[in-house]
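In case you want the letters, here they are:
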Amino acid sequence: MKKLKLSTVFDGAFVFFISFFILYAMLKGLLVKIFLTMIVSTILSGFITFLFCVLMEKKISKKDILLKDKKDYDNFLKTLYFYSNSEVLKVIKSYYNNLGYKGIIKGNAYVIDEKKLYINFTFTPEKVALKTILSAYKKTPKGYDTVFIANEYDTYALEFFKGYEKVKLFSAKDFYLRLKEKELLPKRDLEEVKKVKIKYNFKSVFKRENSKKFLTWGIVFLLFSTVTFYKWFYAGIGVVFLIISSYLRFFKNFEQKENAELT
């Protein structure tokens with residue numbers, strides 16, 4: 001049985017709490033008995049919370065998959081950034097050997113005579129400029145195609161070689177997907193700092209970006225305080241939410257800047 005994430009549990013508890021008091025305020029006029037009103041409100045709130053948790057888990061599950069792929073790809077890039085040219089050439093060689101093509105290393109290029117390919121690469125965080133690709137093209141033996149593998153290319157380079165079959169540009173993402181398909185991804189040699197996982201990061205709730213959410217809920221609670229029996233209860237919560245919203249909006253950013261100057 002799949003366990004709910006702790007963040008979903010906390011969010012679900014919040015939804016249940018809000019739903020219960022809203023439903024109780026709406027139903028207490030229709031259902032005379034307080035006990036009956038509480039039971040109906042609890043059942044409906046539980047159903048709403050269940051639907052909320054199911055939707056959140058599906059959304060988080062899809063997001064986790066995307067984040068995992070992105071993390072693996074980022075690790076792949078960092079590995080190649082720190083690799084020497086000879087180590088990158090070994091990765092390229094392993095890929096083409098897996099396809100059944102034998103080649104030889106010439107300088108910083110991998111040459112496959114059978115396929116008439118002259119394979120170059122540059123793995124840096126910056127986009128590769130046109131002059132770099134032209135330099136590789138000029139070194140390509142006559143009758144061979146130039147293959148270039150890099151993280152990204154600038155727009156001018158992509159436009160310049162668009163439709164030119166003698167030069168084939170592959171991104172690092174293309175290379176990553178092909179290596180992953182063949183299970184040839186290099187192992188990351190960089191040391192990863194192990195961080196202690198916090199079960200639930202309450203600080204993430206009080207981000208400056210969430211000031212609008214606190215403002216909205218503050219207004220909602222204040223509006224409910226005008227029509228419900230527990231006026232002071234809803235008004236108190238609304239005021240607290242508005243105070244938090246004001247703090248996040250006007251003081252949180254200042255606090256972060258001040259801390260940044262000290263570090």
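Residues numbered from 1 in each chain as written. Predicted model: local features only at pLDDT ≥ 70, side-chain atom pairs only at ≥ 80, totals over all residues. Heavy atoms only, no water.

Novice: Hey, could you run me through the confidence of the model for the protein chain in this one?
Specialist: Predicted coordinates in areas of low pLDDT are best not read in detail. When the pLDDT values of the protein chain are averaged, the result is 78; 76% of them are 70 or greater. This stretch, residues 190-200, has a pLDDT under 50; its non-local contacts, to residues over four places away or in other chains, come to 10 contacts. Low pLDDT, under 50, characterises residues 254-263; the stretch is placed with one contact to residues that sit more than four places away or in other chains. (pLDDT = per-residue confidence, 0-100. Contact = heavy atoms within 4.5 Å.)

Novice: Any chance you could explain the nonpolar core here in plain terms?
Specialist: Among soluble globular proteins, nonpolar side chains are generally buried collectively. By size, the foremost hydrophobic cluster in this structure holds 23 residues, and its most contacted members are Ile92, Tyr96, Ile119, Phe123 and Phe175. Elements with a minimum of two residues in this core: α2 (34-82), α3 (85-98), β2 (109-112), β3 (117-122), β4 (145-150) and α6 (172-181). With six residues, the top contributor of residues to this core is α3. Sequence-distant contacts of Phe123, defined by excluding residues within four places in its chain, comprise Leu80, Tyr81, Val88, Ile149, Ala150, Asn151, Ala172 and Phe175. (Core = buried A, V, L, I, M, F, W, Y, C linked by side-chain atoms within 4.5 Å. Buried < 20%, exposed > 50% of the residue type's maximum accessible area, 1.4 Å probe, protein only. Helix = DSSP H or I, 4+ residues; strand = E, 2+ residues; numbered from the N terminus.)

Novice: What exactly am I supposed to notice about the side chain of Ser45 here?
Specialist: One can find Ser45 in helix α2. For Ser45, a relative accessible area of 0% gives the class buried. Polar contacts involving the side chain of Ser45 include one to the main-chain carbonyl oxygen of Ser41, which spans 2.6 Å. Setting aside its immediate chain neighbours within four residues, Ser45 contacts Phe16, Ser19, Phe20 and Leu23. (Polar contact = N/O pair within 3.5 Å; in protein donor to acceptor, adjacent residues only side chain to side chain.)

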